[in-house]
Amino acid sequence: MQIIKSIEDIESLQDNKIIGGENIEFNNSEIKFAGMGNILFCEENVKLSGAQLKFLGDGCIIYLSSNSHYYYLDVSVYKNSAFFMGKNNYLNGSLYAIASEQKNIIIGNDNLFSNGVCLRTADPHLIYSAETKKRINPSKSVFIGDHVWLGQGAMLLKGSRIASGSIVGAMAVCSGKKIPSCTSWAGNPVKQVAQGIFWSKECVHAWDDEMTAAHEKFEGNKYIFKYNSDEHLKFEDIDAALSGKTAEEKLEYLKTLRANKNKNRFSENAPAVKKGFFGKKN
């Protein structure tokens, strides 16, 4: 086990890499390596605060993009798994994430994570069919698009796919759901509660009547996301591009993902509502 607690400790690192840009900060943080061929890649202006980054196998990568906010992270990656976080995500407290069984956690830009959010790709214990004796709970990657708001204590479990512009409410539990853009979901298990919405990051706690009145209407379409076939990136293709690759090869692919600036790259349309003979929803 190799433990890195400061920039100076990087020089003693063996069999693994920490690659960093300018203005990297390790504040009361630790990076632990229990394998070989792993990479922590930090763009410029990455500031870790109270972070725990754990590489618990070989061939893993954690990619942290430039951020105007602190990274409060407790992230574990196991053999051949990847954790990618895009630009300027706001963490209101520690984000807990586990990428395991060679699956990945991919997060876009400009997301808001409330306190106590948990992401994981595995259950992790095995469940079998009593009839066929076959395993019925395979691990699956987790994907979060751009400008997604995850409420306090939200849990995104294996196979969760949250398209850009959506909201997952406080204490919600999402497992294997495909959540389309500009929708709001809540509950355990999570269910859609609103469609055709968008949200902005202003915080209302200290507002007076004048400030509340000034924000009754939003100008522009900045936070409205819609599927565009020319811009869309399939989550399945991202998973496939990372599968079977070394950490170095994963890094090169994630750099291309990071360079993609299309607004609707992670956008998904809500499915059309089917109606019966009397106009009621089926």
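Attention here is on the structure that accompanies the text. Throughout, residues of each chain are indexed from 1 in the direction in which the sequence is written. Only residues with pLDDT of 70 or above have their local features reported here, since the model is predicted, and side-chain atom pairs are shown and tallied only from 80 upward, although totals for entire chains, interfaces and linings are computed over all residues. Hydrogens and waters are ignored; side-chain quantities use all the structure's heavy atoms.

**Quick notes on the side chain of N111**
Then, number 1: You can see N111 is positioned in the loop between β13 (104-107) and β14 (112-113).
Then, number 2: On the basis of relative accessibility, which here comes to 0%, the residue N111 falls in the buried class.
Then, number 3: When residues no more than four places from it in sequence are discounted, the contact partners of N111 are N88, N89, Y90, I144, G145, D146, H147, V148 and K201. Helix and strand definitions follow DSSP, with helices as H or I runs of at least four residues and strands as E runs of at least two, each counted in order from the N terminus. Three labels apply to residues, based on accessible area from a 1.4 Å probe with only protein chains included: buried if under 20% of the type maximum, exposed if over 50%, partly exposed otherwise in between. Throughout, a contact is declared for two residues whenever any of their heavy atoms are within 4.5 Å.

**Focus: the environment of F266**
Then, number 1: The topology assignment puts F266 in the segment after α3 (247-259).
Then, number 2: When near neighbours in sequence (up to four residues on either side) are disregarded, F266 contacts G108, G145, D146, A163, S164, S181, L233, F235, I238 and L257.

**Details of the layout of surface pockets**
Then, number 1: A cavity here means a set of 1 Å grid points, computed over protein atoms only, where a 1.4 Å probe fits but cannot escape. A pocket is an open set with protein on both sides within 12 Å along at least 5 of 7 lines, and lining residues have an atom within 4 Å of a point. Grid points are joined across faces, edges and corners, and a volume is the space filled by probe spheres set on the points. Its volume calculated, the largest pocket comes out at about 590 Å³.
Then, number 2: Residue lining of the largest pocket: 19 residues in total, with S200, K201, E202, C203 and V204 positioned closest to the centre.
Then, number 3: Here the term charged refers only to Asp, Glu, Lys and Arg, the term nonpolar to Ala, Val, Leu, Ile, Met, Phe, Trp, Tyr, Cys and Pro, and the term polar to all other amino acids, Gly among them. For the lining of the largest pocket, the per-class residue count stands at nine nonpolar, six polar and four charged.
Then, number 4: The computed volume of the second largest pocket comes to approximately 310 Å³.

**Things to note about the nonpolar core**
Then, number 1: The definition of a nonpolar core used throughout is a set of buried Ala, Val, Leu, Ile, Met, Phe, Trp, Tyr and Cys residues joined through side-chain atoms within 4.5 Å. Membership of the largest hydrophobic core comes to 45 residues, with the highest contact counts inside it found for L64, L73, F83, M85, L95 and L119.
Then, number 2: The contacts of L64, once residues within four sequence positions are left out, are L40, F41, C42, E43, V46, L48, L53, Y71, L73, F83 and M85.
Then, number 3: Counting 16 residues, the second-largest nonpolar core is a separate cluster that includes I61, F143, A247 and F266.

**Quick notes on the packing of helix α2 (residues 235-242) against α3**
Relative placement of two packed helices is described by the angle separating their axes and the distance separating the axes.
Then, number 1: One way to put it is that α2 packs onto α3 with a least axis distance of 9 Å and a crossing angle of 155°. In terms of axis orientation, α2 runs roughly antiparallel to α3. Where α2 approaches α3, its residues D237, I238, A241 and L242 are matched on the opposing element by K250, Y253, L254 and L257.
Then, number 2: Residue classes in the contact of α2 with α3 are distributed as six nonpolar, no polar and two charged. Angles run from 0 to 180 degrees between N-to-C directions of axes, and those axes are lines fitted to C-alpha atoms, restricted for helices to the stretch in contact. Throughout this description, any angle smaller than 35 degrees is read as roughly parallel, any larger than 145 degrees as roughly antiparallel, any in the 65 to 115 degree range as roughly perpendicular, and the remainder as oblique.

**With respect to α3**
Then, number 1: Multiplying 1.5 Å by the helix residue count minus one yields the expected span of that helix. Taking 1.5 Å per residue as the helical rise, α3 with its 13 residues ought to reach 18 Å, and the 18 Å between its terminal C-alpha atoms agrees with that figure.
Then, number 2: Taken as a whole, α3 has its buried residues at A247, K250, L251, L254, L257 and R258. Along the axis of α3, the buried residues cluster in a sector spanning 120°; they form a single face.
Then, number 3: Here the buried face of α3 lies against β2 (17-20), β5 (39-42), β8 (61-64), β10 (82-85), β13 and α2. The arc in question is the one spanned by the directions pointing from the helix axis to the C-beta atoms.

**Observations regarding unusual backbone geometry**
Then, number 1: Each neighbour pair has its own omega, and for D123 with P124 the value is 5°, a cis peptide bond.
Then, number 2: Relative to the helices and strands, P124 resides in the loop between β15 (118-120) and β16 (142-144).
Then, number 3: The omega torsion across N188 and P189 is 0°, close enough to zero to call that bond cis.
Then, number 4: The residue P189 is located in the loop between β23 (183-186) and β24 (191-195) in this model.
Then, number 5: The phi dihedral of N23 is positive, around 60°, even though this residue is not glycine.
Then, number 6: As for its placement among the helices and strands, N23 is situated in the loop between β2 and β3 (25-27).

**Describing the sheet that holds strand β4 (residues 30-33)**
Then, number 1: Across the sheet, eight strands lie side by side as β1-β4-β7-β9-β12-β15-β18-β21; this open sheet has mixed pairing. With partners counted over all chains shown, the strands left at the sheet margins are β1 (2-4) and β21 (173-175), one partner each. Averaged over all neighbouring strand pairs, the angle between strand axes comes to 10°, with direction disregarded. Here the rule is simple: two strands pair whenever DSSP picks up at least two bridges between them.

**Quick look at the pattern of salt bridges**
Then, number 1: We define a salt bridge as a contact between a side-chain nitrogen of Lys or Arg and a carboxyl oxygen of Asp or Glu at a distance within 4 Å. Overall, the coordinates contain 11 salt bridges when judged by the stated rule.
Then, number 2: Linking R135 and E101 is a salt bridge whose minimum nitrogen-to-oxygen distance equals 2.9 Å. Highlighted residues: R135 in the loop between β15 and β16 and E101 in the loop between β12 (95-99) and β13, separated in sequence by 34 residues.
Then, number 3: Through salt bridges with shared partners, one network takes in K5, E30 and K32.

**A word on the packing of aromatic side chains**
Then, number 1: Two rings belonging to Phe, Tyr or Trp (six-membered ring only in the last case) form a pair when the distance between their centres is within 6.5 Å. Interplanar angles under 30 degrees mark stacking, angles over 60 mark edge-to-face geometry, and anything in between is tilted. Within this structure, the stated rule accounts for nine aromatic pairs.
Then, number 2: Their ring planes at 35° and their centres at 4.8 Å tell us that F41 and Y63 sit as a pair that is tilted. Of the two residues, F41 is situated in strand β5 and Y63 in strand β8; the sequence distance between them amounts to 22 residues. Just as F41 is buried, Y63 falls in that class too.
Then, number 3: Measuring from ring centre to ring centre gives 4.7 Å for F143 and F235, while their planes differ by 15°; the resulting arrangement is stacked.

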